[in-house]
Amino acid sequence: MIRQGPHAPNSAQPPSAGGAHSAVRAWGDALVTVLAPLVAMAVVAALGLWAAGAADLPGGAFPRVVAAVVVIAAGGSVSVSGQAGGLAGTDAELTLMPLSVTLTGALVAGWSFLRPLRHRAVAGTGELLARVARTAVLWLAGLAALAALARHSFSLAPPGSPVDIIGGLLDATPTVGFRADVGPTLLFGLVWLLGVLAMALLVSRRAPLPTRLVRHQEAVRPAAFAMLLLLLSYVAIGLVAGLFVAATRGHAAETFAVVLLGLPNVVWLALGLGIGASWQGRVEGPFGLPMPHVLDAALRGPEDTTLDVAALAQHDGRAWWLIPVAALLLLAAAFAMAVRSPAGTRLWQYALHFGVAFALTMLAIAPVTRVVARLGLSILGIVEIDDLGGQVALHPHLWTAVGLALLWGLVAGPLGGLLASRVRRRGKAPARPGPPA
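Residues numbered from 1 in each chain as written. Predicted model: local features only at pLDDT ≥ 70, side-chain atom pairs only at ≥ 80, totals over all residues. Heavy atoms only, no water.

Section: a nonpolar patch on the surface
Alright, step 1. Together, W348, L352, V356, L360, L363, W399, L406, L407 and L410 give the surface a local cluster of nonpolar side chains, amounting to about 890 Å² of exposed area.
Alright, step 2. Sorting the residues of the nonpolar patch by element identifies α13 (347-368) and α14 (398-419) as the ones contributing at least two each.
Alright, step 3. When residues in the nonpolar patch are grouped by element, the largest group, five residues, is from α13.
Alright, step 4. Relative to the elements of secondary structure, L352 occurs in helix α13.
Alright, step 5. Judged by relative accessible area, L352 falls into the partly exposed class, the value being 41%. (Patch = residues over 30% accessible without salt bridge, like charges linked within 9 Å, V, L, I, M, F, W, Y side chains within 5 Å. Areas by Shrake-Rupley, 256 points an atom, 1.4 Å probe, with all protein chains shown as cover. Salt bridge = Lys/Arg side-chain N within 4 Å of Asp/Glu carboxyl O. Helix = DSSP H or I, 4+ residues; strand = E, 2+ residues; numbered from the N terminus. Buried < 20%, exposed > 50% of the residue type's maximum accessible area, 1.4 Å probe, protein only.)

Quick look at the structure:
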């Protein structure tokens, strides 16, 4: 009879132990995928709000405002409401997505989700869905915690001011508050996460896909990567410009606030304007757009104004440069797409892939540049207090922008393919030298 050595029983783990270890590791990966973007978003939001002066808000409001900004950036919903007692009325609304915070969270979430899969060539559909489900559960828990924190109210009247004194006598001190809407926050936050994870799988060249989807990656991934490259190129140019303005023209804190909270809001708006798209908007009252002064100047007035390159050029002639910059960066993105595409791709395919990808990209980014901010205060519903009221509005002409993006993409796509025709690509073997003469 053969006897096992004293260490034989411990030489291998039982199957249940291995399964438990895998489950713990899978949930750990999901936890990292959730915590990493939330922490990154909170840091960027806190720095941006600090640069904007929000650290001085009374009543310990700063962390609650940071939580509200992160909720909005993750696709959630925050309601703004006003109150001024029985003799006065307030009207408040705010719709503004801090895209610097959003972009930070999306990049970190995508990288964190793909990191455990980086050495895999193929992943099963069930495995990917399980990873997404675990991440979604923890993500919803994190959003629920932030939504519970994101609520506060402020007094609109400075202490000792006439409005404060009269409001105290009449029990009509104007206040405005905000609170996260838990239901919409969880719903739209989940949609945001699923969109980010889907885009991460589409953009990454090495991310594993289910076997049935592998054959489609050659048509989708190069165009998706080109769109990411285009958007990040605009952000990089905007960041350099913002740092230059902060260093040379003063108002460094205000500039950093715009960079840390709304840089993509500005530069992706510039992309749309550069291809000929337009927005409709108005700036009225004591507060304005959290964007460069030229946008505020172009939109300020009692009536809606069409914002396009020509309207901007009336206030700053350098706005015309938005057109050649857009053309150059689109051509560079089309070239990058062609280089990553299989060698046998035809010019009409470049046009179709790039045109559709750019149209879908504009369909995604134009709506998130929308801005609505309104604050009104009236006594007895008759007398308006102008010093405490105003509105900002900016809405894209969406389908015009999408159509223009499609046309630009149909032209830029084959041009990029022609430029890349001499570049060695995947699936194309180097030419062999002929026989000696």
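Structure's up, so let's keep going.
Topic: the packing of aromatic side chains
Alright, step 1. For the structure on display, the rule yields one aromatic pair.
Alright, step 2. An angle of 10° between the planes, with centres 5.4 Å apart, marks the rings of W139 and W192 as stacked. Of the two residues, W139 sits in helix α4 (residues 125-149) while W192 sits in helix α6 (residues 182-203), which places them 53 residues apart along the sequence.
Alright, step 3. A cation over an aromatic ring shows up here: R340 above the ring of F225, its NZ or CZ 3.7 Å from the ring centre. (Phe/Tyr/Trp six-rings, centres within 6.5 Å; stacked < 30°, edge-to-face > 60°. Lys NZ or Arg CZ within 6 Å of the ring centre and 35° of its normal.)

Concerning the confidence of the model for the protein
Alright, step 1. Looking at the protein, the pLDDT average stands at 81 and 76% of residues meet or exceed 70.
Alright, step 2. Confidence drops under a pLDDT of 50 for residues 85-89, and excluding neighbours within four residues, the segment shows 16 contacts in the predicted structure. (pLDDT = per-residue confidence, 0-100. Contact = heavy atoms within 4.5 Å.)

Observations concerning the packing of α13 against α14
Alright, step 1. Interaxial distance between α13 and α14 falls to 6 Å at its minimum, and their mutual angle equals 145°. Crossing of α13 over α14 shows right-handed handedness.
Alright, step 2. Across the contact of α13 with α14, the residue classes break down as 23 nonpolar, four polar and no charged. (Axes fitted to C-alpha atoms, helices over the stretch in contact; angles between N-to-C directions. Left-handed = near helix turned anticlockwise from the far one by under 90°. Nonpolar A, V, L, I, M, F, W, Y, C, P; charged D, E, K, R; others polar.)

Brief notes about the packing of helix α8 (residues 217-248) against helix α12 (residues 322-340)
Alright, step 1. Taken N-terminus to C-terminus, the directions of α8 and α12 make an angle of 145°; their axes are 8 Å apart at the nearest point. Between α8 and α12 lies a crossing whose hand is right-handed. Contact residues: P222, A223, F225, A226, L229, L230, S233, Y234 and I237 in α8; V325, A326, L329, L330, A333, A336, M337 and R340 in α12.
Alright, step 2. Here the residues of the contact of α8 with α12 sort into 15 nonpolar, one polar and one charged.

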